[in-house]
There are 2 protein chains.
Amino acid sequence: MPASIKDVAKEAGVSIATVSRVLNDVDVVNEETKKKVLEAIDKLGYRPNIVARSLKTQRTKTIGIIIPDISSQIYPEIVRGAEDVANIYDYNLMLCNSDLDPEKEMEYLRVLREKMVDGVLYMSTSLEPSILELINKLQIPMVLIETTSKEGNIPSVTIDNEKAAFDAAEYLIKKGNKKIGYIGTHEDAVNASALRYTGYKKALLENNLKVDDKFAYFGGLKSQDGYEGMLSILEKDTVDAVFCASDEIAMGAINALRDKGMKVPEEVDVIGFNNIYSAAIFYPKITTIAEPMYDMGSVGMRMLIKIINKQEVELKNYVLKHELIERNSCK
Amino acid sequence: MPASIKDVAKEAGVSIATVSRVLNDVDVVNEETKKKVLEAIDKLGYRPNIVARSLKTQRTKTIGIIIPDISSQIYPEIVRGAEDVANIYDYNLMLCNSDLDPEKEMEYLRVLREKMVDGVLYMSTSLEPSILELINKLQIPMVLIETTSKEGNIPSVTIDNEKAAFDAAEYLIKKGNKKIGYIGTHEDAVNASALRYTGYKKALLENNLKVDDKFAYFGGLKSQDGYEGMLSILEKDTVDAVFCASDEIAMGAINALRDKGMKVPEEVDVIGFNNIYSAAIFYPKITTIAEPMYDMGSVGMRMLIKIINKQEVELKNYVLKHELIERNSCK
DNA sequence: TTGTATGCGTTATCAG
DNA sequence: CTGATAACGCATACAA
């Protein structure tokens, strides 16, 4: 049993109130007694019990972070960014993997509330009405990362996915490519990555290129999807270039092209999305749209802490800048 | 302000004691009143306050997990394994990134104690005396992952790093390679990956191959280290094969070989370690020693929870099996 | 400047 | 079977 404030009080020969005062550096307390208390604290190796403190102050100094899956390639960096900022302000992170399962998300939201976290950083794809309703009921400070709520009434930090995809596709077009494929999320999906198809399409149209479904493959964001997607497109026609909605897709697509005896970038340009760690290690190094993962986490956390402290946030919906990184998978 | 047990009691017309009883399903309580209470709970949308409960029961149902860096390539899977098991037993995870800084590790240990976590999953490289001392003082259930304490008195889950490296090196030898390089941690380092050099050396010696320092490059575990290490070795001599203490090193080494115009595996065999996600996506796909990351996390968590519940654990120091995965970076 | 007392929301002990 | 009530460890309003 660790020492409590009571033990310290007894040891120092003062009341627990006084101990509490020096602990929190509040009110004025005589230098003499302060010293006595400090000595007692030191002697007993006393450390405050934050659970008890939390119950009293109604603040736990911990923040919940809900992500689809920490073992995927893109979330660890976001989490790291969040933790680094949290750390500065003496917050800890409670990590929750939802697997994008709305039921799990809701359960975590409830548990986080029960554990009285001061706020939640929430990453999901779609925000179903039932979840929105729960969020509303829970009354817990929250910021969305990578998503926005329909009405934009929940603070968020994202990138402009449509514009980013537009930039990527236009880059491919500027290189002189005409037949440009797409591998990624279906445009009807209600999440951020679906906007990438919209951006891709817009770039083609604005440049008087026709959008043909035979050049598009809709599936997941994994390398397997890229591999299969590339093969599927190749069965129908040849392509000059491919826009991939994720770097993993790009890697899979490049592997498929290689297996078909086609050279990247000599014969086909491939551009990815995300700029995950291995994009720069892969051969060829992948030209891609860099999403500021770390910054999304840190900016999101910073905003959340402001909200928790009831400070004004200038901008409710941050849109961070993306960047096209030229490497070796495009001519 | 959310409803408390008091509100429920008033709503149901019973005492808070009774509400608590139905909440925890303890003692016998009249079906009739139980129903009333349940209705009140439902009506008010009552959820227990776990912070208050924790203060009373002295159990928080949360577990601290200290890792070097979540944004590195190997920890996310361990964390995921840990979380999945934690989830089953209604525990949550408090994530702490230490960057292998002993000071940070100790600070986290203290804060986790203050927040009354029920246990800690601890990943570090070296356990300095000062940390051991703190651990001892804190009296908090703990299991080590990827490391062991000198005396083996702290429960742990690891793989046999020396044997794994031995297997990898012997695999290279069996392929007929004579001049086998090593890129990785220095043998004097006091952590798990240093044992890989020991295993590598042992394999060479047992097979009557001489160990020559010009074939060894000691550095970090990143791809950059692999790239530079390969170049450095190549300056002194040619090699038939290279044992890399991590997959990232292997990727860097392969890129260096490629830049030097040498083909993998036709001219040089390269074997990695860890089996990180991108090892199977890289070109060529990397032959490697697979560490059961997910299992280390889940087994560790399982063990920790047993310890927390004061159940007997049959084995204090688990050694999980590694596996050599043959892919395309070796002939 | 310091101490007493109350309550944060629970669980658990003790009577009834 | 149920209701008071005392902790759990701390912060704080109010007295002194």
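Bear in mind the structure is a predicted one, so any value in this text is a computation, not a measurement.

A few words on the overall build of chain A. When its secondary structure is counted, chain A shows 12 helices and 12 strands. By the compact-globule yardstick of 20 Å for 331 residues, chain A is too spread out, its C-alpha radius of gyration being 26 Å. Expressed as lengths along the three principal axes of its C-alpha atoms, the size of chain A is roughly 85 × 40 × 35 Å. Buried residues in chain A amount to 55% of all 331 residues. Carbon and sulfur atoms make up 50% of the accessible area of chain A, which totals about 14,700 Å². Separation between the mean location of the 42 positive side-chain charges and that of the 50 negative ones in chain A comes to 4 Å.

Below, the discussion takes up the interface of chain A and chain B. The interface is formed by 52 residues belonging to chain A together with 52 residues belonging to chain B. Both faces considered, chain A and chain B share a buried interface measuring about 4,700 Å² in area, 56% of it formed by carbon and sulfur atoms. On the surface where chain A and chain B come into contact, there are 6 salt bridges. The tally of links from chain A across to chain B stands at 24 residue pairs in polar contact (both at pLDDT 80 or more).

With an RMSD of 0.1 Å, the fit of chain A onto chain B corresponds to turning through 180° and sliding 0.0 Å along the axis. Each copy turns onto its partner about a two-fold axis. Among all C-alpha atoms of chain A, that of methionine 94 of chain A lies closest to the rotation axis, at 2.3 Å.

As a further point, take the protein's contact with DNA strand C. The environment of DNA strand C is made up of 28 residues, and the closest members are Thr18, Arg21, Thr33 and Lys56 of chain A together with Ile5 of chain B. Sugar plus phosphate: this is where 61% of the atoms of DNA strand C within 4 Å of the protein reside. In this structure, a phosphate oxygen belonging to DNA strand C sits 3.1 Å away from a side-chain N or O atom of asparagine 24 of chain B. Between alanine 52 of chain B and DNA strand C, the recorded distance is 3.4 Å, taken from a backbone N or O atom to a base nitrogen. Only helix H2 (16-24) and helix H4 (50-57) of chain A together with helix H1 (5-12), helix H2 (16-24) and helix H4 (50-57) of chain B provide two or more residues apiece to the surface near DNA strand C. A per-class count over the surface near DNA strand C returns 12 nonpolar, 10 polar and 6 charged.

Let us now look at the pairing of strand S2 (residues 92-97) of chain A. Counting buried positions over the 6 residues of S2 of chain A gives 6, a clear majority of the element. Between the parallel pair strand S1 (residues 62-67) of chain A and S2 of chain A, the chain is carried across by helix H5 (residues 75-88) of chain A, and the sense of this crossover is right-handed. Across 3 bridges, the pairing between S2 of chain A and strand S2 (residues 92-97) of chain B is antiparallel. For methionine 94 of chain A, the partnering residue across the bridge sits in S2 of chain B and is methionine 94 of chain B.

The rules behind these values
- Residues numbered from 1 in each chain as written.
- Chains lettered and ligands numbered in written order.
- Predicted model: local features only at pLDDT ≥ 70, side-chain atom pairs only at ≥ 80, totals over all residues.
- Heavy atoms only, no water.
- Helix = DSSP H or I, 4+ residues; strand = E, 2+ residues; numbered from the N terminus.
- Rg over C-alpha atoms; globule rule 2.2 N^0.38 Å.
- Buried < 20%, exposed > 50% of the residue type's maximum accessible area, 1.4 Å probe, protein only.
- Areas by Shrake-Rupley, 256 points an atom, 1.4 Å probe, with all protein chains shown as cover.
- Lys, Arg positive; Asp, Glu negative; His and termini not counted.
- Charge placed at Lys NZ, Arg CZ, Asp CG, Glu CD.
- Contact = heavy atoms within 4.5 Å.
- Buried area = accessible area lost by both parts, 1.4 Å probe.
- Salt bridge = Lys/Arg side-chain N within 4 Å of Asp/Glu carboxyl O.
- Polar contact = N/O pair within 3.5 Å; in protein donor to acceptor, adjacent residues only side chain to side chain.
- Least-squares fit on C-alpha atoms with pLDDT ≥ 70 in both.
- Near = heavy atom within 4 Å.
- Nonpolar A, V, L, I, M, F, W, Y, C, P; charged D, E, K, R; others polar.
- Right-handed = clockwise from strand over helix to strand, strands pointing away.
- Pairing = 2+ DSSP bridges.

Taken by themselves, the reported measurements are silent on function.
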